[in-house]
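The residues making up each chain are set out below.
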Amino acid sequence: MADVNYEIPEIQDEIETPRLKEGASAHLGPYPAQEKHMAPLGFPAARVEDWQSKGVEKLGELLKKYRSLQVYLDICVKCGACADKCHYYLGTRDPHNMPVQRAELMRGVYRRYFTPAGKLLPGVVRAHDFDEETLKKWVTYFHQCSQCRRCSVFCPYGIDTAEISMAAREIMDSIGVGHKYTTEIVGKVHTIGNNLGIPQPALKGTLEFLEEDMLDTSGHEIRLPLDQPGAEVLLVAPSADFFSEPHIQSLMGYAKVFHQAGISFTISSYASEAANFGMFIGSFDQKRKIAARIAKQARELGVKRLVVGECGHAWRVAYSFWNTLAGPWDFLDPNYPVPQHICEFTYDLYKKGALVFDRDANDDKVVTFHDSCNVARATRMGDRPGGQMMIPRELIRATCNRFVEMDPDTIGEKTFCCGGGGGLLTDELMELRVKGAMPRVTALKRVMEDKEVNFLGLICAICKAQFSKILPIYGIPMETVGGVHQLVSNAIQLGAKRGIV
Amino acid sequence: MPSFELNGRTYETDEDGYLINLADWNQDVAKYLAEGESVDMTESHWEVVNFLREYYEEYKIAPMIRILTKAIGKKLGKEKGNTKYLYDLYPGGPAKQACKIAGLPKPTGCV
Ligand code: SF4
Ligand code: SF4
């Protein structure tokens, strides 16, 4: 166990709803954004003087803009069905991390300024001012929500607390109260092209290094082309795929699939990021700017198809919002989904017989699969309902002999967040991340002990980074964590037969 | 802005103690930062730090671990060219801990 100054949740046989502990995670807040992070995004450099009235004004604006926000603030009946569904509540015990209580931080302000009763009798309807204390709670607890939407699955009215937390962050940014991690990263996408800030020469060097690596290990000349006009496909991967373990294993898996199928592709240095943190900070404008880079490159390079790598929220933005943000995509080949998820892409080729997998290559593994929250609850893959759950599993079954599911209450649309989503994958929130991972770790440990699982298959860069860090703290080796295309990479038969597409 | 004092000079850092100015770095600063991380700098530790700095000078970003392990393997022998060796040297993670001691900015993103 790691050497930390907080209590690591003890893993029980089952996920237990803990006793409340008021203020248990009140001390966990994000590093504030500074002028150099805020100004480039067009946000006030520091907290504005009239922040209270400006904040309320912004809330009013958002209520008009997003009808759903107004509905979510109005219709909660306090039934409590969502209360024990949030991983951060289960892990921290802090009542403000119950989704209903989190949302209440905004509802109180909403009632105070936008409802007749709240204006007249704030005390009676639990309405409160947008004051210093409230803002402090907003900063803290709207950065203890990973916008995973698990609560919305259990709410009889479908109230989506994730949307409330996005709106809260948008309001805070508008008054100059930002989060360093997310704003700094969005800035890097605008100036360099990706979250990590990998400049073109470094990216080029990295990809060449990996090509050499694959030649050494497989004996095949597998390419990772960069900035190649005229390629059939533009591959947009999360930039962690160019930097971290185990992410790069999946990148090599994608490359082998393209190679074996005989489909030309390119990565773009200008649009070298699938992730879109504009969503985490609730900013339509930032989301649009980030997505626009991809559309621009797709046109300039003259590609016919867009394929998105293993990244959860990126797939949500691509699948649900790219059309509005950066469409129309009428210049792309209408015979393929626009955009297409890499799992869909690979699975489709496999079904057509263009790829051959040797399952025995993964015989050292007993695999389980963690559904990423954004993929499971906010997107689709393929043409059947539930395809976003089914296709990654089918791919695992095609590449591995042994696959085991975790507790059904923790997978599919009921999946638990890894604990690091929604722009919280930052070290100052490590305690929150460790505690928030408790439900997933509980389910994982169960199948590790009962079914000998030793590999956690993932399709999200954030999940991979989060679990690589957090599992060792719970005594589970880092090597347990890997991508679905890492399994593909191990099993794919190169040169056996060349694509038939 | 957080900072620390060493030999009569003030060094600016970010909230996590990473140097703000790459040019502020010298061996004493590295030793000071290593101490804060409870890392005892040996010859092998310096090899990693020096490689990181050279790479950063050229590419303006830290290398991915695989490039680092390969370079170390080339220099110090194949048996040392692996992630385990790097984690033995820098238990806090070669990317984050070694970067800090090398005076590089903290890699942030989905890492
Ligand atoms: S969206 Fe997820 S993190 Fe946020 S309150 Fe709901 S369950 Fe918790
Ligand atoms: S489940 Fe829905 S209606 Fe019930 S308390 Fe939670 S948000 Fe309110």
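Use the structure listed above.
Criteria and cut-off values
Residues numbered from 1 in each chain as written. Chains lettered and ligands numbered in written order. Predicted model: local features only at pLDDT ≥ 70, side-chain atom pairs only at ≥ 80, totals over all residues. Heavy atoms only, no water. Helix = DSSP H or I, 4+ residues; strand = E, 2+ residues; numbered from the N terminus. Rg over C-alpha atoms; globule rule 2.2 N^0.38 Å. Buried < 20%, exposed > 50% of the residue type's maximum accessible area, 1.4 Å probe, protein only. Areas by Shrake-Rupley, 256 points an atom, 1.4 Å probe, with all protein chains shown as cover. Pairing = 2+ DSSP bridges. Contact = heavy atoms within 4.5 Å. Axes fitted to C-alpha atoms, helices over the stretch in contact; angles between N-to-C directions. Phe/Tyr/Trp six-rings, centres within 6.5 Å; stacked < 30°, edge-to-face > 60°. Lys NZ or Arg CZ within 6 Å of the ring centre and 35° of its normal. Patch = residues over 30% accessible without salt bridge, like charges linked within 9 Å, V, L, I, M, F, W, Y side chains within 5 Å. Salt bridge = Lys/Arg side-chain N within 4 Å of Asp/Glu carboxyl O. Near = heavy atom within 4 Å. Nonpolar A, V, L, I, M, F, W, Y, C, P; charged D, E, K, R; others polar. Core = buried A, V, L, I, M, F, W, Y, C linked by side-chain atoms within 4.5 Å. Domains from an automatic or database assignment. Expected span 1.5 Å × (residues − 1). Buried area = accessible area lost by both parts, 1.4 Å probe.

Colleague: How should the overall build of chain B be read in this particular structure?
Modeller: Scanning chain B from terminus to terminus reveals five helices and two strands. For chain B, the sequential pattern of α-helices and β-strands runs β-β-α-α-α-α-α. In terms of overall dimensions, chain B is globule-like: its C-alpha atoms have a radius of gyration of 14 Å, near the 13 Å expected for 111 residues. Structurally, chain B occupies a C-alpha span of about 40 × 30 × 20 Å along its principal axes. Evaluated residue by residue, chain B yields a buried proportion of 52% over its 111 residues. Just so you have it, chain B exposes about 5,400 Å², and 48% of that area is on carbon and sulfur atoms.

Colleague: Just checking my understanding: could you explain the sheet that holds strand β2 (residues 265–266) of chain A for this structure?
Modeller: Across a sheet, paired strands are connected by hydrogen bonds in the backbone, their directions being either parallel or antiparallel. All names here are of chain A. The strand order β2-β1-β3-β4 describes an open sheet built from four strands, whose pairing is parallel. The strands lining the two open edges of the sheet, one partner per strand, are β2 and β4 (340–341). With respect to the sheet, helix α13 (residues 284–301) is in contact with β1 (233–236), β2 and β3 (305–308), its orientation differing from that of β1 by roughly 155 degrees.

Colleague: Looking at this structure, I do not really get the packing of aromatic side chains. What am I missing?
Modeller: Geometrically, a pair of aromatic rings is defined through the distance of the ring centres and the angle of the planes. All names here are of chain A. Under the definition given, this model contains 16 aromatic pairs over all chains. When the ring of Phe-130 is compared with that of Trp-138, the centres are 4.9 Å apart and the planes differ by 55 degrees; the resulting orientation is tilted. For Phe-130, a relative accessible area of 1% corresponds to the buried category. Judged by its relative accessible area of 1%, Trp-138 falls in the buried class. Here a set of aromatic residues connected by ring pairs shows up, and it is made of Trp-51, Phe-130, Trp-138 and Phe-142. The residue whose ring lies beneath Arg-112 is Tyr-113, and the NZ or CZ to ring-centre distance is 5.4 Å. Above the face of the Phe-321 ring, Lys-287 is positioned so that its terminal group lies 4.5 Å from the ring centre.

Colleague: Explain a nonpolar patch on the surface to me, please; I cannot follow it from the model alone.
Modeller: All names here are of chain A. There is a patch of nonpolar side chains on the surface, built from Leu-120, Leu-121 and Val-124 and spanning about 350 Å² of accessible area. By secondary structure assignment, the location of Leu-120 is in helix α6 (residues 116–120). The exposure class of Leu-120 is exposed, given its relative accessible area of 70%.

Colleague: Which parts of the structure should I look at to understand the site of ligand 1?
Modeller: Residue and element names in this part refer to chain A. Near ligand 1 there are 13 residues, and of these Cys-86, Cys-145, Cys-148, Arg-149 and Cys-151 occur at the shortest range. Every element with two or more residues in the shell around ligand 1 is listed here: α4 (87–92), α5 (99–114) and α9 (161–174). Residue composition of the shell around ligand 1, grouped by class: seven nonpolar, four polar and two charged.

Colleague: What's the story with the nonpolar core in this structure? I'm lost.
Modeller: Where a protein is soluble and globular, its nonpolar side chains tend to be buried together. Residue and element names in this part refer to chain A. With 203 residues, the main nonpolar core has Met-106, Trp-138 and Trp-322 as its most contacted residues. Per-domain counts for this core show at least three residues from each of domain 1 (35–186) and domain 2 (192–404 + 453–491). Ignoring anything within four residues of it in the chain, the contact list for Trp-138 reads Leu-105, Met-106, Val-109, Phe-130, His-143, Ala-168, Ile-171 and Met-172.

Colleague: I'm lost on helix α12 (residues 247–261) of chain A in this one. Help?
Modeller: One turn of the α-helix equals 3.6 residues, which is why residues spaced by three or four share an orientation. Residue and element names in this part refer to chain A. An ideal rise of 1.5 Å per residue puts 21 Å on 15 residues; α12 measures up with 22 Å between its terminal C-alpha atoms. Of all 15 residues in α12, 14 are buried; the element is thus mostly enclosed. Just beyond α12, the residue with positive phi is Gly-262, at close to 70 degrees.

Colleague: For this particular structure, what's the right way to read the pattern of salt bridges?
Modeller: Oppositely charged side chains may form a pair once their charged atoms are brought near each other. One pass over the structure, following the stated rule, counts 40 salt bridges over all chains. Among the ionic pairs, Arg-446 of chain A bridges to Glu-449 of chain A, the shortest N-O distance being 4.0 Å. Of the two residues, Arg-446 of chain A and Glu-449 of chain A are both situated in helix α19 (residues 438–451); the distance of three residues between them amounts to about one turn of the helix. Residue Glu-47 of chain B pairs with Lys-75 of chain B through a salt bridge whose shortest N-O separation is 3.9 Å. In this pair, Glu-47 of chain B sits in helix α2 (residues 43–59) while Lys-75 of chain B sits in helix α3 (residues 65–76), placing the two residues 28 residues apart along the sequence. Among the ionic contacts, a cluster of salt bridges with common partners joins Asp-427, Arg-433 and Lys-469 of chain A together with Asp-16, Lys-96 and Lys-106 of chain B.

Colleague: Please clarify how the site of ligand 2 should be interpreted in this entry.
Modeller: The environment of ligand 2 is made up of Cys-76, Val-77, Lys-78, Cys-79, Gly-80, Ala-81, Cys-82, Val-100, Cys-155, Pro-156, Tyr-157 and Ile-159 of chain A. Partitioned by chemical class, the residues of the shell around ligand 2 number 10 nonpolar, one polar and one charged.

Colleague: Would you mind showing me how to read the interface of chain A and chain B here?
Modeller: Think of interface size as the accessible area that goes away when the parts come together; that is how it is often given. Taken residue by residue, the interface counts 38 residues in chain A and 23 residues in chain B. For the pair chain A and chain B, the summed buried area comes to about 2,500 Å², and 59% of that belongs to carbon and sulfur atoms. Considering only the surface of chain A that becomes buried against chain B, Tyr-31, Phe-209 and Phe-243 of chain A emerge as the three largest contributors, covering 25% of it. The interface formed by chain A and chain B includes six salt bridges. Measuring nitrogen to oxygen at the nearest pair gives 2.7 Å for the salt bridge that ties Arg-66 of chain B to Asp-213 of chain A. Breaking the side of chain A that touches chain B down by element, the ones donating at least two residues are α10 (180–191), α11 (200–218), α12 and α20 (461–473) of chain A.

Colleague: Even after reading the chapter, I still don't get the sheet that holds strand β5 (residues 367–369) of chain A, so can you show me in this structure?
Modeller: All names here are of chain A. Taken in spatial order, the three strands of this open sheet run β5-β6-β7, and their pairing is parallel. Looking at the sheet topology across the chains shown, the edges are occupied by β5 and β7 (481–483). Adjacent strand axes in the sheet meet at a mean angle of 40 degrees, parallel and antiparallel pairs treated alike. Bridge count between strand β6 (residues 455–458) and β7: three bridges; the pairing is parallel. Directly across from Leu-458, in β7, lies its bridge partner Gly-483.

Colleague: I would appreciate a short explanation of unusual backbone geometry in the present structure.
Modeller: Across residues other than glycine, the phi torsion is negative in most instances, and most of the peptide bonds are trans. Residues and elements named next belong to chain A. Residue Pro-328 follows Gly-327 across a cis peptide bond; omega there is 0 degrees. Residue Val-338 is joined to Pro-339 through a cis peptide bond whose omega torsion reads -10 degrees. Along the polypeptide, Pro-339 turns up in the loop between α14 (312–326) and β4. One non-glycine residue with positive phi stands out, namely Arg-93, at about 70 degrees. Backbone geometry at Arg-126 places phi at a positive 50 degrees, although glycine is not the residue there. With respect to the element layout, Arg-126 can be found in the loop between α6 and α7 (132–141).

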